[in-house]
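Each chain is listed here by its residues.
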Amino acid sequence: MLTIDQATYDAIVAHAKRDHPDEACGIVAGPEGSDRPERFIEMINAAGSPTFYEFDSSDLLQLYKEMDANDEEPVIVYHSHTATEAYPSRTDIGLAMEPNAHYVLVSTREHGSDEGPVEFRSFRIVDGNVTEEEISIVATLS
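The model shown is predicted, which means the values in this text are computed figures rather than measured ones.

Asker: Provide a residue-level description of the overall build of the chain, including the pertinent values.
Answerer: Helix and strand counts for the chain come out as three helices and eight strands. Secondary structure elements of the chain, listed N to C terminal, follow the sequence β-α-β-β-α-β-α-β-β-β-β. Scaling as 2.2 N^0.38, a compact globule of 142 residues should have a C-alpha radius of gyration of about 14 Å, and the chain matches this with 14 Å. Considering only C-alpha atoms, the chain reaches an extent of 35 × 35 × 30 Å along its principal axes. Counting across all 142 residues of the chain, residues that qualify as buried make up 40%. Carbon and sulfur atoms form 48% of the exposed surface of the chain, whose accessible area is close to 7,400 Å². Of the side chains in the chain, 9 bear a positive and 28 a negative charge, and the two mean positions are spaced by 2 Å.

Okay, here's the thing in structure tokens:
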């Protein structure tokens, strides 16, 4: 199960809506081995595409150096789908390289950047196997 605080949930949704019609992407880091998503890191979609996302390789390298220095790891890897459901594509599955991460997908297909609900789902992706998991949104992580 993914436990996420309301502020982080809201930040991910706001990023997805703001970048629509392009896919948004980012990471939420947390202390190594804790499974606690604590530090929201909005990334730039280097692909600038409505159907594909790609982290900028130099930004990603810098982020991993930062996380390593802070004894952090990616707890959530998120991105948005702008025209399809919030479910990992074959490309998403192939790019999933963090076996301990929660892969969050947000679909903005219904309302785009306008007010209105989004589809927000979380998955574990290990060795090409996709398993959806429950999400618990809490006021603050305790």
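Asker: Hey, could you go over helix 1 (residues 6-19) for me, with residue numbers and the actual values?
Answerer: Relative to the 20 Å expected for 14 residues at 1.5 Å per residue, helix 1 spans 20 Å between its end C-alpha atoms, a close match to the ideal helical length. Along helix 1, the residues that are buried comprise T8, Y9, I12, V13, H15, A16 and K17. Its side-chain oxygen placed 3.2 Å from the backbone nitrogen of A7, D5 serves as the N-cap of helix 1.

Asker: Any chance you could break down the side chain of K17 for me, citing the residues and the numbers?
Answerer: Counting through the fold element by element, K17 comes out in helix 1. Of the side chains with opposite charge, E115 lies nearest to the buried K17, which makes no salt bridge, at 6.4 Å. In terms of polar contacts, K17 uses its side chain to reach the backbone carbonyl oxygen of D114, at 2.5 Å. Residues within four places of K17 in sequence aside, it is in contact with T108, H111, G112, S113, D114, E115, G116 and V118.

Asker: Can you tell me about the nonpolar core, naming the residues and giving the values?
Answerer: Among the nonpolar cores identified, the biggest contains 17 residues, and I27, I41, M43, F55, L63, V77 and Y103 are the most heavily contacted of them. For this core, the secondary-structure elements that each account for two or more residues are strand 2 (25-31), strand 3 (39-43), helix 2 (57-69), strand 5 (102-107) and strand 6 (119-126). In terms of residue count, the dominant contributor to this core is strand 2 (three residues). Beyond its immediate sequence surroundings of up to four residues, I41 is in contact with G26, I27, A29, L63 and Y78.

Asker: Any details on the layout of surface pockets? Residues and values, ideally.
Answerer: When its volume is computed, the largest pocket comes out at roughly 320 Å³. Taken together, 19 residues line the largest pocket, and the ones lying closest to its centre are Y53, F55, L60, V77 and L95. A per-element tally of the lining of the largest pocket places helix 2 first, with three residues. Looking at the lining of the largest pocket residue by residue, the class counts come to 14 nonpolar, two polar and three charged.

Asker: Would you mind going over helix 2 in detail, with residue names and values included?
Answerer: Its 13 residues give helix 2 an end-to-end C-alpha distance of 18 Å, which sits within 8% of 18 Å, the value for a rise of 1.5 Å per residue. Two residues or fewer past helix 2, D71 is found with a positive phi of approximately 55 degrees.

What counts, and where the lines are drawn
- Within every chain, residues take consecutive numbers counted from 1 along the sequence as written.
- Totals for whole chains, interfaces and linings use every residue, but because this is a predicted model, local features are given only for residues with pLDDT of at least 70 and side-chain atom pairs only at 80 or more, for both listing and counting.
- Remark: hydrogens and water are excluded; side-chain values derive from all non-hydrogen atoms of the structure.
- Only DSSP runs of H or I with at least four residues qualify as helices, and only runs of E with at least two residues qualify as strands; both kinds are numbered from the N terminus onward.
- Just to be clear, the radius of gyration here is over C-alpha atoms, and the globule rule we use is 2.2 Å times residues to the power 0.38.
- Relative accessible area decides the class of each residue, using a 1.4 Å probe on protein chains only: under 20% of the type maximum gives buried, over 50% gives exposed, and in between gives partly exposed.
- Methods summary: accessible areas were calculated by the Shrake-Rupley approach with a probe of 1.4 Å, and residue burial reflects only the protein chains presented.
- We treat Lys and Arg as the positive residues and Asp and Glu as the negative residues; His and chain ends play no part in the count.
- By convention, the charge on Lys lies at NZ, on Arg at CZ, on Asp at CG and on Glu at CD.
- Each residue after the first adds 1.5 Å to the expected span of a helix.
- Two N or O atoms form a polar contact when they lie within 3.5 Å of each other; inside protein one atom must be a possible hydrogen donor and the other a possible acceptor, and for residues adjacent in sequence the pair counts only when both atoms belong to side chains.
- Put simply, a salt bridge is a Lys or Arg side-chain nitrogen that is within 4 Å of an Asp or Glu carboxyl oxygen.
- Only heavy atoms enter the contact rule, under which two residues are in contact if any of them lie within 4.5 Å.
- The set of buried Ala, Val, Leu, Ile, Met, Phe, Trp, Tyr and Cys residues whose side-chain atoms join them within 4.5 Å is what this entry labels a nonpolar core.
- Of the two site types, the cavity is a set of points on a 1 Å grid over the protein atoms alone where a 1.4 Å probe fits but cannot get out, and the pocket is an open set with protein on both sides within 12 Å along at least five of seven lines, each lined by residues with an atom within 4 Å of a point.
- Grid points are joined across faces, edges and corners, and a volume is the space filled by probe spheres set on the points.
- Residues are grouped as follows: Ala, Val, Leu, Ile, Met, Phe, Trp, Tyr, Cys and Pro are nonpolar; Asp, Glu, Lys and Arg are charged; every other residue, Gly included, is polar.

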